[in-house]
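Summary of structural features
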Amino acid sequence: MDLRIFTEPQQGATYDTLLTVAKATEDLGFDAFFRSDHYLSMGNVDGLPGPTDAWITLAGLARETKRIRLGTLMTAGTFRLPGVLAIQVAQVDQMSGGRVELGLGAGWFEEEHKAYGIPFPKEKFGRLEEQLAIVTGLWETKVGDTFDFHGTYYDLTDSPALPKPAQAKIPVLVGGHGATRTPKLAARFADEFNIPFASIHDSERQFGRVRAAADAIGRPADELTYSNALIVCVGRDDQEVARRAAAIGRDVDELKINGLAGSPAEVVDKIGKYAEIGSERIYLQILDLADLDHLELISSQVQSQLS
């Protein structure tokens, strides 16, 4: 079971804060550092000092880390044209020496689009399908050849399809709870399917849908990695768990139901239940980015029992 650190910087974080967490992620032996792609805070927080851009952040981290994988859960398809995104991600992959992964989603948070003047189209899923086809198609085009795409939403003619990533293939993540279109999209384009903030039962059902969709197009279902994203709140005792839950404005009992919360032993046990239904990787949502002791505890007493 791979454990990855997943941050939500729109809730309030500077680049320096994210760099500190990314370096701790690397030093403590976690597999990867991922971040969300949002420009507006959510819930009862002010988001100060303001948002950071996902791919600018990852470009910086690409030069300041050495081992960990770097990526997004999920890049909003509404924020970037697919041709531009392909260039950005390929460049950051080069800057990292081939450590980048792209989670790409349709975009959903209408308020942030209004706040920053970003168009929020009604038909987002069809656009996402074309975006995935374009981004992966540009990367797969041989040097010297050109790439053309003529869709409903995007039109590319005689693209040189450059630059190329450092990796032969950048892993692409698709995720979500949709029962029909999402599994089909994952089966067609994804290297990894991620379901965010889902119960064991719902995760098992969704993984089954993705596997069935892969089988339907003749793709081995085991070619995909299956993963979860879950909030984490671990403490050495009940008091520490309660303190960490209070720091992020959550209730301990609710966290135990909907995430990974409690003692290291409790969290290891619950991760084991996710592993039993086919989850191979968990993105640990860390909301208190100042609490590096939390990362150290997870590394020493949770991750150590899973490796």
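Residues numbered from 1 in each chain as written. Predicted model: local features only at pLDDT ≥ 70, side-chain atom pairs only at ≥ 80, totals over all residues. Heavy atoms only, no water.

Within the chain, the secondary structure is distributed over 11 helices and 12 strands. In terms of overall dimensions, the chain is globule-like: its C-alpha atoms have a radius of gyration of 19 Å, near the 19 Å expected for 307 residues. Its C-alpha atoms give the chain principal-axis dimensions of roughly 60 × 45 × 35 Å. Taking all 307 residues of the chain together, the buried fraction comes to 54%. (Helix = DSSP H or I, 4+ residues; strand = E, 2+ residues; numbered from the N terminus. Rg over C-alpha atoms; globule rule 2.2 N^0.38 Å. Buried < 20%, exposed > 50% of the residue type's maximum accessible area, 1.4 Å probe, protein only.)

Within the structure shown, the criterion is met by 24 salt bridges. Linking Asp 293 and Arg 236 is a salt bridge whose minimum nitrogen-to-oxygen distance equals 3.1 Å. Here Asp 293, found in helix 11 (residues 292-306), pairs with Arg 236, found in the loop between strand 10 (225-234) and helix 8 (238-247); they are 57 residues apart in sequence, far enough to count as distant. Since its relative accessible area comes to 40%, Arg 236 is described here as partly exposed. We note a salt bridge from Asp 269 to Lys 273, for which the minimum N-O separation is 2.7 Å. (Salt bridge = Lys/Arg side-chain N within 4 Å of Asp/Glu carboxyl O.)

Here is a general trend for soluble globular proteins: nonpolar side chains tend to be buried in one another's company. Ranked by size, the top nonpolar core spans 74 residues in total, and within it Trp 55, Leu 102, Trp 139 and Leu 284 carry the most contacts. If one sorts the elements of this core by residue count, helix 5 (residues 125-140) sits on top with eight residues. (Core = buried A, V, L, I, M, F, W, Y, C linked by side-chain atoms within 4.5 Å.)

Note that Lys 270 resides in helix 10 (residues 264-276). No salt bridge is formed by the buried Lys 270; the nearest opposite charge belongs to Asp 269, separated by 9.1 Å. Looking at Lys 270, its side chain comes within polar contact range of the main-chain oxygen of Gly 259, at 2.9 Å. The residues contacting Lys 270, other than those within four sequence positions of it, are Lys 256, Ile 257, Asn 258, Gly 259 and Leu 260. (Lys, Arg positive; Asp, Glu negative; His and termini not counted. Polar contact = N/O pair within 3.5 Å; in protein donor to acceptor, adjacent residues only side chain to side chain. Contact = heavy atoms within 4.5 Å.)

Turning to the packing of aromatic side chains, a few remarks are in order. Scanning the model with the defined rule gives six aromatic pairs in all. Centroid distance Phe 193 to Phe 207: 6.4 Å. Interplanar angle 85°. Geometry classified as edge-to-face. Taken together, the residues Phe 193 in strand 9 (residues 192-196) and Phe 207 in helix 7 (residues 200-216) connect sequence positions 14 residues apart. Phe 193 sits in the buried class, given a relative accessible area of 0%. The buried category is assigned to Phe 207, whose relative accessible area is 3%. Seen in terms of ring centroids, Phe 207 and Tyr 226 are 5.4 Å apart; in terms of plane orientation they differ by 65°. Their pairing is edge-to-face. (Phe/Tyr/Trp six-rings, centres within 6.5 Å; stacked < 30°, edge-to-face > 60°.)

This brings us to the layout of surface pockets. Empty space within the largest pocket amounts to approximately 1200 Å³. Forming the boundary of the largest pocket are 47 residues, of which Glu 8, His 38, Trp 108, Phe 197 and Gln 285 lie nearest the centre. For the lining of the largest pocket, a count of residues per class yields 24 nonpolar, 17 polar and six charged. Taken as a whole, the second largest pocket spans an internal volume of roughly 160 Å³. Lining the second largest pocket are Gly 77, Thr 78, Arg 80, Leu 81, Ala 106, Pro 119, Pro 121, Lys 124, Arg 127, Gln 131 and Tyr 154. (1 Å grid on protein atoms, 1.4 Å probe; cavity = no way out; pocket = protein on both sides within 12 Å on 5 of 7 lines; lining within 4 Å. Points joined across faces, edges and corners; volume = space filled by probe spheres on them. Nonpolar A, V, L, I, M, F, W, Y, C, P; charged D, E, K, R; others polar.)

Below, the discussion takes up empty space enclosed by the protein. Tallied over the full model, the rule gives one cavity of 30 Å³ or more. Each pocket or cavity is described by its volume, and for the largest cavity that value is around 70 Å³. In terms of lining residues, the largest cavity is bounded by Val 232, Cys 233, Arg 244, Ala 247, Ile 248, Ile 286, Leu 287, Asp 288, Asp 291 and His 294. Breaking the lining of the largest cavity down by element, the ones donating at least two residues are strand 10 and helix 8. A breakdown of the residues in the lining of the largest cavity according to their chemical character gives six nonpolar, one polar and three charged.

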